[in-house]
Amino acid sequence: DRDVTGVQTCALPICIYELLTVEVDRGLTATLDGLEQQLFKLAEQARSNDTQLRCLEALGTIKHGRFDLMPRFVALLESGLALVRDQRTEHPSAESISFNDLALVAETDMDETTLLHEISARAEMKASLPLFLLSQRFGVIAGKPALDSESLPIGPAMLCRHLRRASHCFELHPEHRQLLFRQFDRHVMGEYGAMVDAVNAYLVNQGVLAHLTYVPGRYKHGSRQ
């Protein structure tokens, strides 16, 4: 293993995990708080007893199971970071957020996949430059070329994938699962750029491609004739 300013590259994923855990915990807590508030409001405004009952049942499910989401999510995050150096690691296609196999899944799964794809794509677009730099640095950590967006352990697609898997601790109606995903978009992915900046800053401090920067080309006006 190569040393990077005294820190072995094999230790960096653990350090990144520890760096992110507090922020992820805060974001997931806010996600569930927001979902509870939304469900309570929907229950109050429900026009039928069935709709109100479904909202109240979902509210009870979240209240009783909210402390299961964080451990499941961070376990997936930790596992993904730990395996980044494993050349044999492949992400199962069943969990990836892509449109390749949408025709083979149920309509509910299609809706979830579409929504999560939109969430991850939006976050990736907003943080495109920091993600480019992070992908290069994770390549150094993994001993591989720069990782693509699907393979990046803390990339938007991967975080959405973790949420989808971890949220199965709740038995929620599909429409309420989508509300959960939208709250995640607001409270976790809304702060995603800052998370990426923090990890980039940490890796720069550890000497991982410390001088890597991206300077966009400047348009030069032609001289007047």
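The shown structure was predicted, so the numbers you read here are calculated from the model rather than taken from an experiment.

Thresholds, definitions, all that
- Residues numbered from 1 in each chain as written.
- Predicted model: local features only at pLDDT ≥ 70, side-chain atom pairs only at ≥ 80, totals over all residues.
- Heavy atoms only, no water.
- Helix = DSSP H or I, 4+ residues; strand = E, 2+ residues; numbered from the N terminus.
- Buried < 20%, exposed > 50% of the residue type's maximum accessible area, 1.4 Å probe, protein only.
- Contact = heavy atoms within 4.5 Å.
- Axes fitted to C-alpha atoms, helices over the stretch in contact; angles between N-to-C directions.
- Parallel < 35°, antiparallel > 145°, perpendicular 65-115°, else oblique.
- Left-handed = near helix turned anticlockwise from the far one by under 90°.
- Nonpolar A, V, L, I, M, F, W, Y, C, P; charged D, E, K, R; others polar.
- Core = buried A, V, L, I, M, F, W, Y, C linked by side-chain atoms within 4.5 Å.
- pLDDT = per-residue confidence, 0-100.
- Expected span 1.5 Å × (residues − 1).
- Bend = angle between axes of the 7 residues up to and from the residue.

### With respect to the overall build of the protein chain
Reasoning step 1: Assigned secondary structure in the protein chain consists of seven helices and two strands.
Reasoning step 2: Residue burial in the protein chain is summarised as follows: out of 225 residues, 41% are buried.

### Topic: the environment of Asp185
Reasoning step 1: Along the chain, Asp185 falls in helix 6 (residues 174-187).
Reasoning step 2: Each C-alpha atom, one on Asp185 and one on Arg122, is 9.5 Å from the other, the two residues being 63 residues apart in sequence.
Reasoning step 3: Asp185 has contacts with Ile119, Arg122 and Gly190, leaving out every residue within four places of it along the chain.

### Quick word on the packing of helix 2 (residues 49-82) against helix 5 (residues 156-166)
Reasoning step 1: Relative to each other, helix 2 and helix 5 sit at 140°, their axes nearing to 9 Å. Relative to helix 5, helix 2 is oriented oblique. In this structure, helix 2 crosses over helix 5, and the sense of that crossing is right-handed. Contacts between helix 2 and helix 5 involve Leu69, Arg72, Phe73, Leu76 and Leu77 from the first element and Leu159, His162, Leu163, Arg165 and Ala166 from the second.
Reasoning step 2: Of the residues in the contact of helix 2 with helix 5, the class split is seven nonpolar, one polar and two charged.

### As for the nonpolar core
Reasoning step 1: In this structure, Ile16, Val24, Phe138, Phe184 and Leu203 are the most contacted members of the largest nonpolar core, which totals 53 residues.
Reasoning step 2: Sorting the residues of this core by element identifies helix 1 (12-45), helix 2, helix 3 (107-126), helix 4 (128-142), helix 5, helix 6 and helix 7 (192-205) as the ones contributing at least two each.
Reasoning step 3: Ranked by residues supplied to this core, first place goes to helix 2 with ten residues.
Reasoning step 4: Filtering out sequence-adjacent residues up to four positions away, Ile16 remains in contact with Leu81, Phe138, Ile141, Val199, Tyr202 and Leu203.

### Some points on the confidence of the model for the protein chain
Reasoning step 1: For the protein chain, per-residue confidence averages 84 on the pLDDT scale, and 80% of positions sit at 70 or higher.
Reasoning step 2: Taken as a whole, residues 87-104 scores under 50 in pLDDT and shows 25 contacts with residues more than four places along the chain or in a different chain.
Reasoning step 3: When the criterion is pLDDT under 50, residues 215-225 qualifies, and its contacts beyond four places in sequence or with other chains add up to zero contacts.

### Some words on unusual backbone geometry
Reasoning step 1: Residues other than glycine seldom take positive phi values, yet Leu209 does so here, at roughly 50°.
Reasoning step 2: Looking at the secondary structure, you find Leu209 in the segment after helix 7.
Reasoning step 3: Under the relative-accessibility criterion, Leu209 is labelled partly exposed at 35%.

### Re the environment of Cys55
Reasoning step 1: Position of Cys55 relative to the elements: it lies in helix 2.
Reasoning step 2: Aside from chain neighbours lying at most four places away, what touches Cys55 is Leu39, Leu42, Ala43 and His176.

### Observations regarding helix 1
Reasoning step 1: Its 34 residues place the ends of helix 1 49 Å apart at the C-alpha level, agreeing with the 50 Å of an ideal helix rising 1.5 Å per residue.
Reasoning step 2: Taking the largest bend as the criterion, helix 1 deviates by roughly 35°, centred on Thr21.

### What to know about helix 6
Reasoning step 1: End to end, helix 6 covers 20 Å across 14 residues, agreeing with the expected 20 Å (1.5 Å per residue, within 8%).
Reasoning step 2: Taken across its 14 residues, helix 6 has ten buried, putting it largely inside the fold.
Reasoning step 3: Residues of helix 6 that are buried: His176, Arg177, Gln178, Leu179, Leu180, Phe181, Gln183, Phe184, Asp185 and His187.

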